[in-house]
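So you can see what is in the structure, the chains are spelled out below.
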Amino acid sequence: MNDLSASLPPETGRRGKTQPMRWARGNGIRGDKTIRFTFDGRVLEAHPGDTLASALLANGVRLVGRSFKYHRPRGILSAGPEEPNALVELREGAQREPNSRATVTEVFDGLAATSQNRWPTLKHDMLGANSLLAPVFSAGFYYKTFMWPASFWEKVYEPIIRRAAGLGRAADEADPDHYEKATAFCDVLVVGSGPAGLAAARAAAGAGARVILCEQDSLTGGRLRAERVMLDDRPGWAWAQDTEKYLRALPEVRIMTRTCVFGRYDGGCFGALERVADHVAVPQAGQPRQRLWRIVAGQCILATGGIERPIVFPDNDRPGIMLAGAVRSYVNRFGVVPGRQAVIYTNNDDGLRAAADLHDAGVRVAAIVDSRQPSSTAAQAMARQVGAALFAGGAIAGTTGHTGLKAVQVRDSAGKTRRLACDLLAVSGGWNPDIALATHHRTHPVYDDALNAFVVSSPAPGLHLAGFAAGALTTDAALAQGDALGRAAAQGAGSDPATGCAMVLPRAAEKEGYAIAPLWHALGRAGQAGKAFIDFQNDVTAKDVSLAAREGFWAVEHLKRYTTLGMATDQGKTANVNALAMMAWERGRSIAQTGTTIVRPPVQPCAIGALAGTHRGRHFKPHRLPPTHDWAVEAGCVLTSNGIWQRAQWYPRPDETSWQETVNREVRSVRSSVGFCDVTTLGKIDIQGADAATLLERVYVNAWRKLPVGRARYGLMLREDGFAFDDGTTARLAENHYVMTTTTANAGAVMRHLEFCHQCLWPGLDVRFISVTDAWAQIAVAGPRSRDVLREIIDESFDLSNEAFGYMGAANVRLRDGVGGRLFRLSFSGELAYEIAVPARYGDALARLLMRVGAPYGITPYGTEALGVMRIEKGHPAGPELNGQTTAHDLGMGRMLSRKKDFIGRAMAQRTALCDAARPTLIGLKPLHASDALVAGAHLLPRGAPADAASDQGWISSSAWSPTVESWIALGFLSHGPQRHGEVIAVHNPLAGTVIEAQVVPPVFVDPEGSRLHA
Amino acid sequence: MRIHCPYCCTRGVEEFTYRGDATVRRPDLDAPEAAWVDYVYLRDNPAGPHAEYWYHAAGCHSWLVVRRDTRTHEIFSVQTASEVSEA
Ligand SMILES: [Zn+2]
């Protein structure tokens, strides 16, 4: 035994060379090609096929990062996505990506990786002193330590904790890469490409199903690449390679590698993230960095394998302590030995495999510590085979080595402890089936006492678990189960049962054993000196779990939140079961009684960029452009957003120095001569059918039956609760044919409302609707000379005189150049005005035509701002007045409500409180001093009243400088408003702290008699 | 969630707009105010099977009555609202 306590053997002859720990090619490595990458600025070599973890190990780098709270030196624990320790920053500048798992990061030529959460360097981390503050950072520290005084939290504690505890740094600049989204459909989705997954995909495809096989790794094969399993006298990985090749040749099979299925959702939907270009320096032109898939599958087979559990013992987190299965991955797949002298610590026969693989790779296996007493015959045989000392019923009582493992303290079954030198400790506490996807959607896992792990006993309909995910312990069992479920799933998805033919399955050469005897804590309560980590990523120790138990936070959901167990980016994949077992033990209950928390998507971290896809920057929402957009931009307009529409706000001239000057000019031109404005954005709904008038009667408050053909009418719609919903004009074009306009904002909502009224309330009505908003370009031509301009455009056979085509007229017309259109005599400005509609493709030409023929009249294009000023001058309510809180009475339209018919909102509009005269009602306001600006949102108070809520009598909804009145004007709502015309009130703007005196006036500032309108 | 529209086949939920309880019936105009308050404001929120209105906004513009379990999102049946209203 003495030789075991000797120091490590000298390094082999490769000392000084690159990749000193690379012992062979490995089945997943292209050893003929060498690439270079950097870690903390140091240039290192690797081979294509390496992960960052395998490449670091090949170069003898064991210290990779510092832990979250205590800044403990950490290395590489696993060889897969469950990695809690080896988190690094990848790339630089705008592409810097923190918290990347080295175990799933493929190395490429030029990759720059940096350790994180250390200062100033990884080896000499000043913040390692956090370990001394351990009592402060124990379970529940957020809740206890920093409760008092409250002000200290923000100023003192939080900044300190933020600096000391943490992970990597996000990039400071916008992500320059592109992400996209795609949808795929299949009969059978297979997740995982180990023996079970490949067999399942092969069987499902053979049975005629359309198959998608997703593998999160870059290579298929799963554990067949990590283990030295022989299938029919060939390496298991070679069978995987052949099967993949066979599947790729099938037309209805799609194999997606580097694609992690991260979530299971309703209706057979799965979310998956394809890492399209994470493994190259820069995506190719036109290639996204990552692609977010929605996969819609009839049936799904989860062949996700398992995740190995660490063992909880003091100082179990040093670099060099690694899961036994991960050790085999590095040895077999990557051709890398993670150490030169190893100790194996296991509670099951599977862990022993690491001894054989290491031994055959030339690593000295000093000892096998088998917690089982007596140990299995397999353990005894293995110890003999590799020449290792066997400690049956032994335990690891502690470890040494500050930035890397140097020795372990082995306690034998007699209680005697000795020191064994080693730089690698391969640990196996047994395996958990990876059932995360099966438990999404609130399927609760159950504890299986035989397997000593949580399983899903009754998966959701259409979901099947195969291989180790279903508890299959051998490769043969996984192959057989995958094969059978593949066929079953194909049939479940509708394939003809006769199609499926049994396929020949390979057989594993060796007998694989498990024989686990659970070991949840190596030393029990007595041995809790030193930090025994359960959750490596969040630095949660066995002590923290004990503390939570003592303090009453023993329910699993409390345990999780009190200790932060399982709440890191790894979701506690290697931690949760050990913690639950620990809690069960503390409470003297079974693990089944203790229960487990449910997990949610994503099973692996997913970049926000991928979830956003192309919806970022100006593509966050679509833009809608009115038909005159190009012309308006040529004309020098300033654009504004109106919902998703981009509209001309005003058209400045070079000599104008402010937008106000421009808008004043536009308004004056309309009121004195003629102007035009694109009003295409108003919703337009074509309504046809014998019962069209009946439908209009029921959705509008006013009467519609008697509207003659060739006329339009203003209509107001309420919601069923009696408040105003939308307004607009509807024209009758023929006996059973109407065209309705809605406000721009409510175009979609009104359409949905009409369909609801028809289909859900009155399906017997013979009426149909279609949105024609995009079909017609509609331009308002307004001003006293508008008729003169239209005479130049409309075919001369059409009589435009006031007598023949009066206010509210509507007609199909033909333009002089033959284009068919529609003409409405509508006015939003209060002037003589028309709206002319032509098929949308002629909108641009119509704008140019108006400019040409209108030139002699000084025609002026105007934007939304002048439009708004003129509608305020005329007192037309718009969005700020129809704000969802105002009634027809409030808007001064109470008398429009028909008493002769039922309509949407009638019953509720009659409620006493909604008819109260004290309700704020539409009024106009003019400041006593014309230049006193009135601001929308200001409160209306009686003159001299204190500016408090009790005195508040209303508000301003819209305001503008009126070049026509030459004063500020406003529309607003005032209690008893219509009875107070002439009264001077106070307008209080609490934001600016100003009070302005203004006179209450009728809400029409221009042409109250309507003589211009009817000219 | 995916909804089987009788006109458009099975489509993703993002094509649909939710409205809510499809079991309420619009009262007559002269019904007591309490009946109207019920209709406009009060909704049951069952954990389990429920009938709901969904609108196929990005499809055929049909209003549908979808019967589904609010706990599991399992859909039992989909009918057009006009078919249900006329029955
Ligand atoms: Zn549809």
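Residues numbered from 1 in each chain as written. Chains lettered and ligands numbered in written order. Predicted model: local features only at pLDDT ≥ 70, side-chain atom pairs only at ≥ 80, totals over all residues. Heavy atoms only, no water.

Here we take up the interface of chain B and chain A. In this complex, chain B contributes 24 residues to the contact, which on the side of chain A involves 28 residues. When the buried surface of chain B facing chain A is broken down by residue, R2, R26 and L29 of chain B rank first, second and third, together holding 29% of it. The interface formed by chain B and chain A includes three salt bridges. Where R294 of chain A meets E14 of chain B, a salt bridge forms, and the shortest distance between an N and an O atom there is 3.0 Å. At the boundary of chain B and chain A, one finds 11 residue pairs in polar contact (both at pLDDT 80 or more). In the side of chain B that touches chain A, the residues fall into 11 nonpolar, seven polar and six charged. (Contact = heavy atoms within 4.5 Å. Buried area = accessible area lost by both parts, 1.4 Å probe. Salt bridge = Lys/Arg side-chain N within 4 Å of Asp/Glu carboxyl O. Polar contact = N/O pair within 3.5 Å; in protein donor to acceptor, adjacent residues only side chain to side chain. Nonpolar A, V, L, I, M, F, W, Y, C, P; charged D, E, K, R; others polar.)

This part is about the packing of helix α7 (residues 324-332) of chain A against helix α8 (residues 353-360) of chain A. All names here are of chain A. Interhelical geometry of α7 versus α8 gives an angle of 30° and a closest axis separation of 9 Å. It follows from the interaxial angle that α7 and α8 lie roughly parallel. For the pair α7 and α8, the crossing hand works out as left-handed. Contacts from A324, V327, R328, V331 and N332 in α7 reach R353, A354, D357 and L358 in α8. Partitioning the contact of α7 with α8 into residue classes produces five nonpolar, one polar and three charged. (Axes fitted to C-alpha atoms, helices over the stretch in contact; angles between N-to-C directions. Helix = DSSP H or I, 4+ residues; strand = E, 2+ residues; numbered from the N terminus. Parallel < 35°, antiparallel > 145°, perpendicular 65-115°, else oblique. Left-handed = near helix turned anticlockwise from the far one by under 90°.)

As a further point, take the nonpolar core. Residues and elements named next belong to chain A. With 58 residues, the main nonpolar core has F37, F39, L52, Y330 and L358 as its most contacted residues. Both of domain 1 (5-145) and domain 3 (309-430 + 513-545 + 572-594) provide at least three residues apiece to this core. Setting aside its immediate chain neighbours within four residues, L52 contacts F37, V88, L90, A102, T105, V107, L111 and A113. In terms of nonpolar packing, the next biggest core, distinct from the first, is built from 41 residues, V191, V261, I295 and I591 among them. (Core = buried A, V, L, I, M, F, W, Y, C linked by side-chain atoms within 4.5 Å. Buried < 20%, exposed > 50% of the residue type's maximum accessible area, 1.4 Å probe, protein only. Domains from an automatic or database assignment.)

Averaged over every residue, the pLDDT of chain A is 93; the share at 70 or more is 94%. Overall, residues 1-15 of chain A carries pLDDT values under 50, and its contacts beyond four positions in sequence, including any with other chains, amount to 26 contacts. (pLDDT = per-residue confidence, 0-100.)

Residues and elements named next belong to chain A. Reading across from one edge, β40-β41-β42-β39-β33-β43 is the order of the six strands in this open sheet, with mixed pairing throughout. A single partner strand is all that each edge strand has here, and the edge strands are β40 (810-814) and β43 (860-861). With four bridges joining them, strand β33 (residues 675-678) and strand β39 (residues 776-782) adopt antiparallel strand pairing. If you follow F676 over to β39, its bridge partner there is V781. Set on the sheet, helix α22 (residues 843-854) makes contact with β33, β39, β42 (833-839) and β43; between it and β39 the angle comes to about 20°. (Pairing = 2+ DSSP bridges.)

Let us look at the coordination of the zinc ion. All names here are of chain B. Protein-derived ligands of the zinc ion are C5 (SG), C8 (SG), H56 (ND1) and C60 (SG), with the metal-ligand distances lying across 2.0 to 2.3 Å. The coordination sphere of the zinc ion comprises four donor atoms, whose angles at the metal cover 103 to 120°; the geometry is tetrahedral. You can call C8 partly exposed: its relative accessible area is 25%. (Donors = N, O, S within 2.8 Å, 3.2 Å for Na, K, Ca; no water. Tetrahedral: all angles 85-135°; square planar, octahedral: opposite > 155°, others 65-115°.)

Here we come to the domain arrangement of chain A. All names here are of chain A. Along its sequence, chain A is carved into domain 1 (5-145), domain 2 (178-306 + 433-499), domain 3 (309-430 + 513-545 + 572-594), domain 4 (624-681 + 773-885), domain 5 (689-765 + 886-911) and domain 6 (917-1015). Just the C-alpha atoms count here: the centres of domain 4 and domain 6 sit 28 Å apart. Taken together, the contact pairs 24 residues of domain 4 with 24 residues of domain 6. Roughly 2000 Å² of surface becomes buried between domain 4 and domain 6 when both sides are summed, with 55% attributable to carbon and sulfur atoms. Between the two partners, domain 4 and domain 6, sit one salt bridge. Among the salt bridges present, the one from E831 reaches R1012, with a minimum N-O distance of 2.6 Å. Run the count over domain 4 and domain 6 and you get 16 residue pairs in polar contact (both at pLDDT 80 or more). Looking at the side of domain 4 that touches domain 6, the elements with two or more residues in it are α18 (659-672) and α23 (864-874).

Looking now at α7 of chain A. In terms of residue burial, α7 of chain A counts as a mostly covered element, since nine of its nine residues are buried. By the burial criterion, the buried members of α7 of chain A are A324, G325, A326, V327, R328, S329, Y330, V331 and N332 of chain A.

With that settled, consider the side chain of T596 of chain A. Positionally, T596 of chain A belongs in the loop between α15 (591-594) and α16 (608-612). Those residues within four positions of T596 of chain A in sequence are excluded, and the remaining contacts are P445, F454, V556 and L580 of chain A.

With that settled, consider the pattern of salt bridges. All names here are of chain A. In the structure shown here, the tally under the stated rule is 55 salt bridges over all chains. One salt bridge in this structure joins E227 and R223, with 2.6 Å as the shortest N-O distance. Note on E227: relative accessible area 6%, which makes it buried. Each of R72, R74, D315, D317, R318 and D539 takes part in salt bridges that share partners, so that together they form one network.

Linking two cysteines covalently via their sulfur atoms produces the bond known as a disulfide. All names here are of chain A. Taken as a whole and assessed by the stated rule, the structure comprises zero disulfides over all chains. Cysteine C186 shares no disulfide, and the gap to the nearest cysteine sulfur, in C214, comes to 8.0 Å. The exposure class of C186 is buried, given its relative accessible area of 4%. (Disulfide = S-S within 2.5 Å.)

This part takes up the confidence of the model for chain B. Detailed reading of the predicted coordinates is not advisable wherever pLDDT is low. Looking at chain B as a whole, the pLDDT averages 95, with 100% of positions reaching at least 70. Both confidence scores are given for the complex: pTM 0.90, ipTM 0.99.

This part covers helix α11 (residues 475-492) of chain A. Residues and elements named next belong to chain A. The end-to-end C-alpha distance of α11 is 25 Å, a good match for the 26 Å that 18 residues give at a rise of 1.5 Å each. Where α11 is concerned, the buried positions are T475, A478, L479, G482, D483, L485, G486, R487, A489 and A490. Remark: G494 follows α11 within two positions and exhibits a positive phi of approximately 110°. (Expected span 1.5 Å × (residues − 1).)

Let's shift gears to the sheet that holds strand β6 (residues 75-80) of chain B. All names here are of chain B. Strand order in the open sheet made by the four strands is β3-β4-β5-β6, with antiparallel pairing throughout. Of all strands in the sheet, those with a lone pairing partner are β3 (17-21) and β6, marking the two edges. Strand-to-strand, the axes of this sheet are offset by a mean angle of 25°, without reference to chain direction. As paired strands, strand β4 (residues 49-55) and strand β5 (residues 63-69) are joined by seven bridges and run antiparallel to one another. By the bridge assignment for β5, W54 is matched with L64.

Here we take up unusual backbone geometry. Residue and element names in this part refer to chain A. A cis amide bond links Q373 to the next residue, P374, at an omega of 0°. The residue P374 is located in the loop between β19 (364-370) and α9 (377-386) in this model. Here the bond from P601 into P602 is cis, since omega is 0°, no more than 30 degrees from zero. Positive phi, normally seen in glycine, also occurs at Q19, with a value near 50°. Along the chain, Q19 falls in the segment before β1 (35-39). Accessibility expressed as a relative area gives 3% for Q19, which makes it buried.

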